[in-house]
Structures are given as C-alpha cells and as structure tokens.
Amino acid sequence: MDKSPDAFRTISEVADDLDVPQHVLRFWETRFNHIKPLKRGGGRRYYRPDDVDLLKGIRHLLYGEGYTIKGVQRILKEEGGRFVQGIGRGEQSLAALQPEDNGAHPDEDGSPSESSLPEEDDLPLPSQRELSHEALRGLQGALEELYECDRVLTSLRSSGDAVVVE
C-alpha cells in the first residue's frame, strides 16, 4: 500500500527511501538542528514531507557532493533549510552558492588571499574516482605504514617493554 505524498513517514520508511541506516538519521538529528521529526509516544519518529526533503538534501550534500558535516551545517546556517530542501527535491543547485569568481580575490601578487579561501572543513571531500591512481597508491602505502606502526606499538606494549619516543 503506497502512502499519499503528504503522509508522514516512519524512520524505517525514510531510511529505506534514502538508503541509509536508521541510526544515521538519528545521528543527523544530533548534528543538524533543522531536522525535527514529530515524536509520538515511546519516542517514535514521524517525518513530514518537508523533513524528508531536508534529509534528501543533506544526504545529497554529504554523499553526493562530498561535503563534511561542518560544511553542510554552514550551508544550512547561511542558506537555510528551504534551500537544502530544494536540493533534496532537485529544485536547487549548489551553483547558486558559488559566485562567478568563486569567491577568491587575489592579493597584489596574484595569489588568492588567505581570507578568500574556503576553510578546509567546508570543502567537499574528493571521492575515490577523483583521485589519481598514483595518489591512491600513495595513500594506501601510508595506511599500510600506519598499520605496521600500530602493530609494532601494540606488540611492545604487550611485552611490557618501555616505548621511548624521540
């Protein structure tokens, strides 16, 4: 039985629709104060159509565009929940956020000024397909070295030897 587009949705219905686990939706509630599902007896959540659109927009920004939670929080603060709902409905584009000059105003030497550069936490994270094979190999090598360091430190701790850091 299909529900009306105006019907409220349970957390399991929304989680299935967005293809995310229910605990992710609960976590998002703690990070994005714009998410306010109706709660009934026993704490059962009911999401309004606008709530679902907001969650779709947040999901798109996080998973589709690679924004960090802090970056999405900034978009919500500066542009508002309606803007992110529009993204969720496919009516808004991130192009509306980026001025024609991308916000970078060069210093006298022609380099972008530090104040005009976006903060690192606001930048989308590169997806795997955007990284070169060489960069991926380098990251994999670094990860393997970290695992090896962890293994060595763990074995030293378990043997009771003192670990000296220079």
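Since this is a predicted model, take the numbers as computed values, not measurements.

**Student:** Explain the packing of helix α2 (residues 22-31) against helix α3 (residues 49-64) to me, and be specific about the residues and the numbers.
**Tutor:** With their axes 12 Å apart at the nearest point, α2 and α3 run at an angle of 95 degrees to one another. Judged by the inter-axis angle, α2 sits roughly perpendicular to α3. For the pair α2 and α3, contact is made by Val24, Leu25 and Trp28 and by Leu55, Ile58, Arg59, Leu62 and Tyr63, respectively. Across the contact of α2 with α3, the residue classes tally to seven nonpolar, no polar and one charged.

**Student:** Explain the packing of α3 against helix α5 (residues 81-89) to me, using residue names and the numbers behind them.
**Tutor:** At a minimum axis distance of 7 Å, the contact between α3 and α5 shows a crossing angle of 80 degrees. The orientation of α3 relative to α5 falls into the category roughly perpendicular. Contacts from Asp50, Asp53, Leu54, Lys56, Gly57, Ile58, His60 and Leu61 of α3 reach α5 at Gly81, Arg82, Val84, Gln85, Ile87, Gly88 and Arg89. For the contact of α3 with α5, a count of residues per class yields five nonpolar, five polar and five charged.

**Student:** Talk me through the sheet that holds strand β2 (residues 38-39); I want residue IDs and the actual numbers.
**Tutor:** Backbone-to-backbone hydrogen bonds pair the strands of a sheet. The strands run either parallel or antiparallel. In space, the three strands of this open sheet follow the order β1-β3-β2, with antiparallel pairing throughout. Each edge of the open sheet carries a strand with a single partner, namely β1 (9-10) and β2. As paired elements, β1 and strand β3 (residues 45-47) share two bridges and run antiparallel to each other. Across the sheet, the residue bridging to threonine 10 is tyrosine 46, located in β3. Against the sheet, α3 makes contact with β1 and β3, and its axis sits at roughly 85 degrees relative to β3, the strand it touches most.

Cut-offs used in this document
Residues numbered from 1 in each chain as written. Predicted model: local features only at pLDDT ≥ 70, side-chain atom pairs only at ≥ 80, totals over all residues. Heavy atoms only, no water. Axes fitted to C-alpha atoms, helices over the stretch in contact; angles between N-to-C directions. Helix = DSSP H or I, 4+ residues; strand = E, 2+ residues; numbered from the N terminus. Parallel < 35°, antiparallel > 145°, perpendicular 65-115°, else oblique. Contact = heavy atoms within 4.5 Å. Nonpolar A, V, L, I, M, F, W, Y, C, P; charged D, E, K, R; others polar. Pairing = 2+ DSSP bridges.

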